[in-house]
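Analysis of the macromolecular model
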Amino acid sequence: MIPESELILNLDGSVYHLNLRPEQLADLVLTVGDPERVGQISQHFDKIEHKVSKREFVTHTGQYKGKRISVVSTGVGTDNIDIVLNELDALVNIDLEARRQRSTLRSLTIIRIGTTGALHADTPLNEFVVSAFAIGMDGLLHYYPLDNNADEYMFQHEFMEQVGREVQFPIRPYFVQADQELLAQVGEDMLRGATLTNAGFYAPQGRSIRAGLAESGLMDAFRKFEYRQLRVSNLEMETAGIYGLSRILGHRALSCSVVLANRETKEFSSTPAEAVNRLIETVLDRVSRL
């Protein structure tokens, strides 16, 4: 039996942070960082069944072309991903009344719709990027027992050989692949890359305003990496946590992002809202066929 202090429930039986009950969650979950983006997605639904919000966590569940979908905002960072992924899993795999794991486990399909910064000058603004690999520079998965597969071990070896020779990492990276079926079905024609998930927006992503950088060569070292025609394509703050916890908990995950900033050319999209909406419509159309 799971103690009350370890899995906290609200008075109505909903999970503590997301404020959701099991019947309010679909098996297909789209995650976004920005709570306002939840409504941007659900406005495309044919009908909305549930609207729930608490803190930065907003959920809309409804129907799109016959597919039941939940859209959940995570807020920014893998600290929030830790909360969201564990509570989503609890909703489908824990009997919340008995406080025990269910005998039959369910697997969620979790797809992130996000924004990102590109590392390379030849990546156009407003391009769609799908994360074939995620490189965690945030530390979350060091608290969990993550078992890597052979491809991830090879990727890790090459990354540490190429990049680790040039710079000293502020934290030990971890490496997780996307779900391969989702990568092919949803990310079919998107730019494939390895995504860096960082612990912050400024110095952890190589931005220096006034505070400076402890390791100034990180971004240049990342740009040089290439393995089997895969580059470190972009930076953001959630994907590696989603991939790692999904793997551990038995769910399928994919992260799709639209490039709003190019970190090498120092440019920012002049049409960010339009670019995000194109990604939303593209992902919705493709997940409706899963």
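Refer to the structure printed above.
Residues numbered from 1 in each chain as written. Predicted model: local features only at pLDDT ≥ 70, side-chain atom pairs only at ≥ 80, totals over all residues. Heavy atoms only, no water.

**Observations concerning the side chain of Ser14**
Mapped onto the elements of the fold, Ser14 is located in the segment before β1 (28-32). Owing to a relative accessible area of 0%, Ser14 belongs among the buried residues under this scheme. There is a polar contact of 2.6 Å between the side chain of Ser14 and the side chain of Asp12. If we skip the residues at most four places from it in the chain, Ser14 touches Ile8, Leu9, Asn19, Leu20 and Arg21. (Helix = DSSP H or I, 4+ residues; strand = E, 2+ residues; numbered from the N terminus. Buried < 20%, exposed > 50% of the residue type's maximum accessible area, 1.4 Å probe, protein only. Polar contact = N/O pair within 3.5 Å; in protein donor to acceptor, adjacent residues only side chain to side chain. Contact = heavy atoms within 4.5 Å.)

**Describing the environment of Ala203**
Relative to the helices and strands, Ala203 resides in the loop between β10 (191-198) and α5 (218-224). Considered as a pair, Ala203 and Ser216 are 13 residues apart in the sequence and their alpha carbons are 9.2 Å apart. For Ala203, the residues in contact, after removing those within four places along its chain, are Gly212 and Leu213.

**Considerations on the pairing of strand β12 (residues 230-236)**
The two faces of a sheet get side chains in turn, since along a regular strand they alternate between them. Burial runs high along β12: six of the seven residues are buried. Pairing geometry for strand β7 (residues 109-118) and β12, over two bridges, is antiparallel. In the sheet register, Ala118 faces β12, and the bridge partner there is Asn234. Pairing between β10 and β12: four bridges, direction parallel. Each residue of the ladder has a partner; that of Ala194, found in β12, is Val232. Pairing analysis gives two bridges linking strand β11 (residues 226-227) to β12, with the strands arranged antiparallel. Each bridged residue has a counterpart across the sheet, and for Glu226 the counterpart in β12 is Arg231. (Pairing = 2+ DSSP bridges.)

**Topic: unusual backbone geometry**
Negative phi characterises most residues that are not glycine, and trans characterises most peptide bonds. Positive phi, close to 65°, is recorded for Asn19, a residue that is not glycine. Mapped onto the elements, Asn19 comes out in the segment before β1. A relative accessible area of 22% means that Asn19 is categorised as partly exposed. Here Lys266, not a glycine, exhibits a phi torsion of approximately 65°, which is positive. The residue Lys266 is located in the loop between β13 (252-262) and β14 (267-268) in this model.

**Considering the packing of aromatic side chains**
Evaluation of the coordinates by the stated rule reveals ten aromatic pairs. Consider the rings of Phe133 and Phe155, whose centres lie 4.2 Å apart with planes at 10°: the pair is stacked. Highlighted residues: Phe133 in strand β8 (residues 128-137) and Phe155 in helix α3 (residues 150-162), separated in sequence by 22 residues. Phe133 sits in the buried class, given a relative accessible area of 7%. Relative to Phe159, the ring of Phe155 lies with its centre 6.5 Å away and its plane at 15°, an arrangement referred to as stacked. Of this pair, Phe155 and Phe159 both sit in helix α3, four residues apart, which is roughly one turn of that helix. The cationic tip of Lys54 hangs over the ring face of Tyr16; the distance from NZ or CZ to the ring centre is 4.3 Å. (Phe/Tyr/Trp six-rings, centres within 6.5 Å; stacked < 30°, edge-to-face > 60°. Lys NZ or Arg CZ within 6 Å of the ring centre and 35° of its normal.)

**Brief notes about the pattern of salt bridges**
As enumerated under the stated definition, the model contains 17 salt bridges in all. Across the pair Asp179 and Arg252 runs a salt bridge whose closest N-O atoms are separated by 3.6 Å. Placement of the pair is Asp179 in the loop between β9 (174-177) and α4 (180-185) and Arg252 in strand β13, with a sequence separation of 73 residues. In this structure, Arg223 and Glu264 form a salt bridge, with 3.9 Å as the shortest nitrogen-oxygen distance. Taken as a pair, Arg223 in helix α5 and Glu264 in the loop between β13 and β14 lie far apart in primary sequence, 41 residues in all. You can call Glu264 partly exposed: its relative accessible area is 40%. Overlapping salt bridges bring together Asp12, Arg21 and Glu23 as one network. (Salt bridge = Lys/Arg side-chain N within 4 Å of Asp/Glu carboxyl O.)

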